[in-house]
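If you want the building blocks of each chain, they are given just below.
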Amino acid sequence: MAEEKDLLGNLILELRRGTLVLSVLSQVQTPKYGYALTQSLENQGIIIEANTLYPLLRRLEKQGLLISEWDTGESKPRKYYRRTQEGERVYKALRTQWQDMSVRMAQLLEEGENYE
Amino acid sequence: MNKQEQEYMERYIYQVVRWLPKKQRDEIAMELREIIGDMVEEMTLEEALTKLGDPQILASQYRGEHSYVISSEYYDDYVWVLKIVMIAIGISAVVSGIVQLFVTGDWFSNIIGQLISSGLAGFGAVTLLFAALERWNVKVDLREARTQTADILEKGWSYATLEKTPIPDKKGLISRADCVISLIFTVIFSGVMIFAPQLLGAYVFENGQFEKVISLFNLEQWHIILPFILLGLMAGFVDDVIHLVQGRYCNMVMLSSIISGVIQFISTAVVLKVLPLWNENFIPGVEQSFNLEFTGDFDLMTHFGTPFFSNIILMIMFLIFCVEVGTTVYNTVKYGRK
């Protein structure tokens with residue numbers, strides 16, 4: 001039982017991992033700082049571990065999809081991330097891909113259900 | 001945050017950034033201060049840091065490094081090389097154990113100690129080598145049999161490559177067991193030649209008590225003879241390793257067989273015809289110790305140490321050489337990869 005639970009947990013994690021970048025990119029059309037990003041994702045039921053999200057933001061910046069800027073005006077310095085032009089293009093392409101895939105997946109799963 | 005919490009947060013941040021490259025540390029520390037600061041507005045510091053998790057894992061996420069020493073890309077080659085090295089170490093431990101048994105009479109502790117220390121060293125060396133390859137992203141393909149043709153390596157696989165890569169004829173494959181057995185014998189024989197050539201000879205017992213060995217070989221000149229014997233054995237050893245690594249007949253195996261065959265034949269010829277290999281006192285010693293007398297042409301012992309005796313051995317060696325090289329050339333031409 002415990003093994004099955006582990007296996008299922010891993011599979012869910014893998015499934016989610018594939019959608020991570022798309023989820024993050026969708027939220028940063030306007031500049032957002034780290035914690036606000038977690039909140040807005042969480043509010044919509046998308047849970048990304050904190051220790052995954054922040055390093056991911058840096059990685060996306062390194063890949064040129066995001067750009068960051070420190071705002072030191074406030075009482076607390078904050079780093080804001082937003083999509084670059086390249087990030088914009090990649091986001092749109094990924095979004096189309098996802099929409100296409102989810103339609104196909106829905107069909108696939110429905111078919112599977114009919115056979116049950 | 002109170003003073004103690006502030007201190008704990010800094011401790012946590014320190015434990016993350018200490019694993020990171022120097023130039024990233026300050027910025028990531030600043031980011032973490034911001035994130036944790038935001039989090040503690042809605043939860044306790046303990047909850048926030050627990051959510052962020054083990055600082056080392058967080059650091060590895062920041063480094064973006066894969067958390068493995070050897071990736072799946074290298075794993076097959078790694079296991080394959082490791083197996084060969086472990087087999088070689090096992091064989092050499094057993095051989096040196098056998099030699100030790102003759103020399104000191106104690107083989108058990110030696111063989112176990114040898115196995116453990118050389119096993120660990122071999123494992124470490126192979127792992128280190130592959131970790132380095134992984135790190136610098138060097139792709140080596142160690143098995144030529146697997147890489148098929150250079151063309152595929154350069155241009156990648158395509159449908160057309162199937163034309164050039166037929167399923168190899170079974171007869172074109174080299175038996176691994178044969179190679180390993182041959183390697184074992186080479187190593188054992190080398191061990192005896194190096195450490196205990198005196199073991200080969202006639203054993204003299206008196207009243208059931210071991211008395212002495214009358215050596216077949218001229219041990220006084222052994223320091224001159226041994227290098228030539230080892231040269232031949234080494235050529236055979238390298239040839240077997242090449243057979244084992246290639247796994248099937250190809251031009252390289254054929255070339256290696258021919259070269260090693262020639263080296264082995266020449267070194268044997270030098271040892272037999274030029275160097276004083278045989279112990280002149282063998283026959284007198286045996287006659288005396290066993291109260292025998294060797295006379296007559298048909299008594300093999302009368303010929304011991306004579307040029308006739310050496311010629312016979314050399315001829316046998318030549319026949320073996322011809323058969324070995326002949327079969328390799330035949331198999332390469334008939335079944336081998338061009």
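For the structure, check the block above.
Quick caveat: nothing in here was measured; it's all calculated off a predicted structure.

As for the overall build of chain B
- Looking only at helices and strands, one finds 13 helices and two strands in chain B.
- The 338 residues of chain B split such that 36% are buried.
- Of the contacts made within chain B by residues no fewer than 6 positions apart, 70% connect residues no fewer than 24 positions apart.
- On chain B, roughly 21000 Å² of surface is accessible, and the fraction owed to carbon and sulfur atoms is 63%.

Some remarks on the overall build of chain A
- Looking only at helices and strands, one finds four helices and three strands in chain A.
- Listing each helix as α and each strand as β along chain A from the N terminus yields α-β-α-α-β-β-α.
- When the 116 residues of chain A are sorted by exposure, 28% land in the buried category.
- Considering only contacts in chain A between residues 6 or more positions apart, those separated by 24 or more positions represent 46%.

Quick look at the nonpolar core
- In this structure, Tyr54 of chain A together with Ile36 and Tyr62 of chain B are the most contacted members of the largest nonpolar core, which totals 39 residues.
- If you list the elements that add at least two residues to this core, you get helix H1 (2-27), helix H2 (34-43) and helix H3 (50-62) of chain A together with helix H1 (3-17), helix H2 (22-39), helix H3 (45-52) and helix H4 (55-63) of chain B.
- Residue contacts for Tyr54 of chain A: discarding those within four places in its chain leaves Gly34, Tyr35 and Thr38 of chain A together with Ile35, Leu52 and Tyr62 of chain B.
- If you look at the next biggest cluster of nonpolar residues, it comprises 24 residues, including Met193, Phe217, Trp222 and Leu272 of chain B.

Focus: the pairing of strand E2 (residues 66-71) of chain A
Residue and element names in this part refer to chain A.
- As paired elements, E2 and strand E3 (residues 78-83) share six bridges and run antiparallel to each other. When the bridges of E3 are listed, Ser68 appears paired with Tyr81.
- In textbook terms, the turn of a hairpin is the stretch between consecutive antiparallel strands, and for E2 and E3 this stretch comprises six residues.

Let's talk about the pattern of salt bridges
- All chains considered together, the criterion is met by 13 salt bridges over all chains.
- The residue Glu31 of chain B makes a salt bridge to Arg58 of chain A at a minimum N-O spacing of 2.7 Å. On the criterion of chain membership, the pair formed by Glu31 of chain B in helix H2 and Arg58 of chain A in helix H3 is interchain, its members lying in two chains. Arg58 of chain A carries the same exposure label as Glu31 of chain B, and that label is buried.
- Between Glu7 of chain B and Arg11 of chain B there is a salt bridge, with the nearest N and O atoms lying 3.0 Å from each other. With Glu7 of chain B and Arg11 of chain B both in helix H1 and four residues apart, this pair spans about one turn of that helix.

Some remarks on a nonpolar patch on the surface
- Residues Trp98, Met101, Met105, Leu108 and Leu109 of chain A make up a contiguous nonpolar surface patch of about 510 Å² in total accessible area.
- Mapped onto the elements, Met101 of chain A comes out in helix H4 (residues 85-115).

Concerning the interface of chain B and chain A
- Each side of the interface is counted separately: chain B has 19 residues, and chain A has 18 residues.
- Between chain B and chain A lies a buried interface of about 1700 Å² when both sides are counted; carbon and sulfur atoms form 53% of it.
- Across the salt bridge formed by Lys51 of chain B and Glu42 of chain A, the nearest N and O atoms sit 3.9 Å from each other.
- The interface formed by chain B and chain A contains 12 residue pairs in polar contact (both at pLDDT 80 or more).
- Residue assignment for the side of chain B that touches chain A shows that the elements contributing at least two residues are H2, H3 and H4 of chain B.
- Its residues placed into classes, the side of chain B that touches chain A shows eight nonpolar, four polar and seven charged.

Quick word on the environment of Gln85 of chain A
All names here are of chain A.
- By the secondary structure assignment, Gln85 is in helix H4.
- Residue classification places Gln85 among the exposed positions, given a relative accessible area of 66%.
- For the pair Gln85 and Gly64, spaced 21 residues apart in the sequence, the C-alpha separation amounts to 9.0 Å.

Overview of the sheet that holds E2 of chain A
- Spatially, E1-E3-E2 (chain A) is the arrangement adopted by the three strands of the open sheet, whose pairing is antiparallel. Edge positions in the sheet fall to strand E1 (32-33) and E2 of chain A, since each has one partner strand and no second.

Some details on H4 of chain B
- Those residues of H4 of chain B that fall on the buried side of the exposure criterion are Pro55, Leu58, Ala59 and Tyr62 of chain B. Down the axis of H4 of chain B, the buried side of the element spans an arc of 100°, and every buried residue falls inside it.
- The inward-facing, buried residues of H4 of chain B contact H3 of chain A together with H1, H2 and H3 of chain B.
- For H4 of chain B, the N-terminal cap is Asp54 of chain B; the gap from its side-chain oxygen to the backbone nitrogen of Gln56 of chain B is 2.8 Å.

With respect to the side chain of Thr127 of chain B
Residues and elements named next belong to chain B.
- Topologically, Thr127 is positioned in helix H6 (residues 108-135).
- For Thr127, the side chain forms a polar contact with the main-chain oxygen of Phe123, separated by 2.7 Å.
- Not counting residues up to four positions away in its chain, the partners in contact with Thr127 are Ile70 and Tyr78.

What to know about the packing of aromatic side chains
All names here are of chain B.
- This model, assessed by the stated rule, comprises nine aromatic pairs over all chains.
- A ring pair is formed by Phe265 and Phe321, whose centres lie 5.9 Å apart and whose planes are at 25°; its orientation type is stacked. One end of the pair, Phe265, is in helix H11 (residues 251-274); the other, Phe321, is in helix H13 (residues 307-335), with 56 residues separating them in the sequence.
- Residue classification places Phe265 among the partly exposed residues on the basis of a relative accessible area of 22%.
- For Phe321, a relative accessible area of 18% corresponds to the buried category.

Rules used in this analysis
Residues numbered from 1 in each chain as written. Chains lettered and ligands numbered in written order. Predicted model: local features only at pLDDT ≥ 70, side-chain atom pairs only at ≥ 80, totals over all residues. Heavy atoms only, no water. Helix = DSSP H or I, 4+ residues; strand = E, 2+ residues; numbered from the N terminus. Buried < 20%, exposed > 50% of the residue type's maximum accessible area, 1.4 Å probe, protein only. Contact = heavy atoms within 4.5 Å. Areas by Shrake-Rupley, 256 points an atom, 1.4 Å probe, with all protein chains shown as cover. Core = buried A, V, L, I, M, F, W, Y, C linked by side-chain atoms within 4.5 Å. Pairing = 2+ DSSP bridges. Salt bridge = Lys/Arg side-chain N within 4 Å of Asp/Glu carboxyl O. Patch = residues over 30% accessible without salt bridge, like charges linked within 9 Å, V, L, I, M, F, W, Y side chains within 5 Å. Buried area = accessible area lost by both parts, 1.4 Å probe. Polar contact = N/O pair within 3.5 Å; in protein donor to acceptor, adjacent residues only side chain to side chain. Nonpolar A, V, L, I, M, F, W, Y, C, P; charged D, E, K, R; others polar. Arc of directions from axis to C-beta. Phe/Tyr/Trp six-rings, centres within 6.5 Å; stacked < 30°, edge-to-face > 60°.

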